[in-house]
Amino acid sequence: MTANTTDLELETLRVNRLFEIPVCVLALKDASRLNGELIEEIRKLRARDKGVRISNRGGYHSKKDLFDHNLPGFRKLMDGILRSYNETRMEVYGLGCSSTDQLRVQGWVNVNSSGDSNEAHEHLGGGCHWSGVYYVQTPKCCQDPGHITFENLVYKDFGTGTKRIWRVPSPSQGRGQSAYHNCVPLRPSEGEIVLFPSSTIHRVDEFRGEGERISIAFNITDPALNHLPDAGDPLPFSGLRSWVRYYFYGVYLPLMRMKQMLVGHG
Ligand SMILES: [Fe+2]
């Protein structure tokens, strides 16, 4: 079928942009002094905390109790995060926080050296609503600074296993490229905070360069947003019933029909 084969004319076009993902970038003013303080506090923290392995492939990932350490640099950053979230909340929902005291923030440090990266993940497991990253040190000399790359997909549990679902098609990026495999890399800069909904799948691309790429990641739980589904929520087809349905549907369905014939429809 080709376009313009009839005289029909379109009268209107309305695009409902549903479920767009707000990925917000904010910058702290005069961040270099704060970054100096943070680098020193992170150096001391690394001497005490050997770190954990979560999404990181190489590099250092601290425990998620960063803001429990009552240190001046971390406290100032916490203040910057709360202000940034409040601005974002106003922009996205038209609703500022009357008080940031109710917000719960959990943070951790990531330090990547050349060759290190973080695999694709989301942060729903923490029962939080918004997540973010503050960039303390981003070496500028290299082509591969460790972009934070946001992915156009969601994970879905089909009962038989979790699958990756690409969300929205986009123009092809080149021959052989799927219309769905569109990812958006952002190049971080020192003093910037990137904020995004915790459900957004993201990764940190491999850093290749001199020195260390240092960032502080965090999760925010906002009671005013009420309950949001998290990784612990049961899906419509979960548990034993789901298993039976998927693997023994040929038996399950006739049995259910027989039951309906015997006892009638409930
Ligand atoms: Fe993350």
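Refer to the preceding data block for the structure.
The text that follows walks through the structure, step by step, so that each part is easy to find. (Residues numbered from 1 in each chain as written. Predicted model: local features only at pLDDT ≥ 70, side-chain atom pairs only at ≥ 80, totals over all residues.)

1. Quick notes on the environment of Arg-208
Position of Arg-208 among the secondary structure elements: in strand 14 (residues 207–208). Assessed through the 16 C-beta atoms surrounding it within 10 Å, Arg-208 is described here as partly exposed. Along the chain, Arg-208 and Gly-115 lie 93 residues apart, while their C-alpha atoms are 5.7 Å from each other. When sequence neighbours within four positions are dropped, the list of residues in contact with Arg-208 reads Ser-114, Gly-115, Cys-142 and Asp-144. (Helix = DSSP H or I, 4+ residues; strand = E, 2+ residues; numbered from the N terminus. Buried ≥ 20, exposed ≤ 12 C-beta atoms within 10 Å, placed from the backbone. Contact = placed C-beta atoms within 7 Å.)

2. Here we look at the packing of helix 1 (residues 31–48) against helix 2 (residues 72–93)
At their nearest, the axes of helix 1 and helix 2 sit 8 Å apart, and the two run at 130° to each other. Classified by the angle between their axes, helix 1 and helix 2 sit oblique to one another. Relative to helix 2, helix 1 is oriented so that their crossing is left-handed. Touching Leu-34, Glu-37, Leu-38 and Glu-41 of helix 1 are Pro-72, Gly-73, Phe-74, Lys-76 and Leu-77, all from helix 2. Considered class by class, the residues forming the contact of helix 1 with helix 2 number five nonpolar, one polar and three charged. (Axes fitted to C-alpha atoms, helices over the stretch in contact; angles between N-to-C directions. Parallel < 35°, antiparallel > 145°, perpendicular 65-115°, else oblique. Left-handed = near helix turned anticlockwise from the far one by under 90°. Nonpolar A, V, L, I, M, F, W, Y, C, P; charged D, E, K, R; others polar.)

3. Some points on the nonpolar core
The biggest cluster of nonpolar side chains holds 33 residues, and the ones touching the most others in it are Ile-81, Val-109, Tyr-134, Ile-216 and Ile-220. Among the elements of the structure, helix 1, helix 2, strand 4 (104–112), strand 6 (130–137), strand 12 (192–197) and strand 15 (213–221) are those that each provide at least two residues to this core. In this structure Val-109 touches Ile-42, Leu-45, Ser-62, Leu-66 and Ile-216, once residues within four positions along its chain are discounted. (Core = buried A, V, L, I, M, F, W, Y, C linked by C-beta atoms within 7 Å.)

4. Here's the deal with helix 2
With 22 residues, helix 2 should cover 32 Å at 1.5 Å per step; its first-to-last C-alpha distance of 31 Å lies within 8% of that length. All of the buried residues in helix 2 are Gly-73, Phe-74, Leu-77, Ile-81, Ser-84, Tyr-85, Thr-88 and Arg-89. In an axial view of helix 2, the angular spread of the buried residues amounts to 140°, which keeps them on one side of the axis. Within helix 2, the exposed residues directed more than 90 degrees away from the buried face are Pro-72, Asp-79 and Met-90. The secondary structure elements touched by the buried residues of helix 2 are strand 1 (24–27), helix 1, strand 4, strand 6, strand 12 and strand 15. Backbone geometry just after helix 2 places Gly-94 at a positive phi near 65°. (Expected span 1.5 Å × (residues − 1). Arc of directions from axis to C-beta.)

5. Description of the pairing of strand 10 (residues 162–166)
The buried fraction of strand 10 is low, at zero of five residues. Examined bridge by bridge, strand 9 (residues 153–157) and strand 10 share five bridges and lie antiparallel to one another. Following the sheet pairing, Lys-156 is matched in strand 10 by Lys-163. Taking the residues that link successive antiparallel strands as the turn, the strand 9-strand 10 hairpin has four residues, and the phi of Gly-159 there is positive, at about 90°. (Pairing = 2+ DSSP bridges.)

6. A look at the sheet that holds strand 5 (residues 117–121)
The strand order 2-5-13-8-11 describes an open sheet built from five strands, whose pairing is antiparallel. Single-partner strands in this sheet number two, and they are strand 2 (56–57) and strand 11 (183–186). Pairing of strand 8 (residues 148–151) with strand 13 (residues 202–204) involves three bridges; the strand directions are antiparallel. Bridge pairing links Phe-150 to His-202 in strand 13.

7. Describing the environment of Phe-74
Here Phe-74 shows up in helix 2. Judged by local crowding, Phe-74 falls into the buried class, with 21 C-beta atoms found within 10 Å. When the C-alpha positions of Phe-74 and Gly-107 are compared, they lie 9.5 Å apart, and in sequence the two are 33 residues distant. Not counting chain neighbours up to four residues away, the residues in contact with Phe-74 comprise Glu-41, Leu-66, Phe-67 and His-69.

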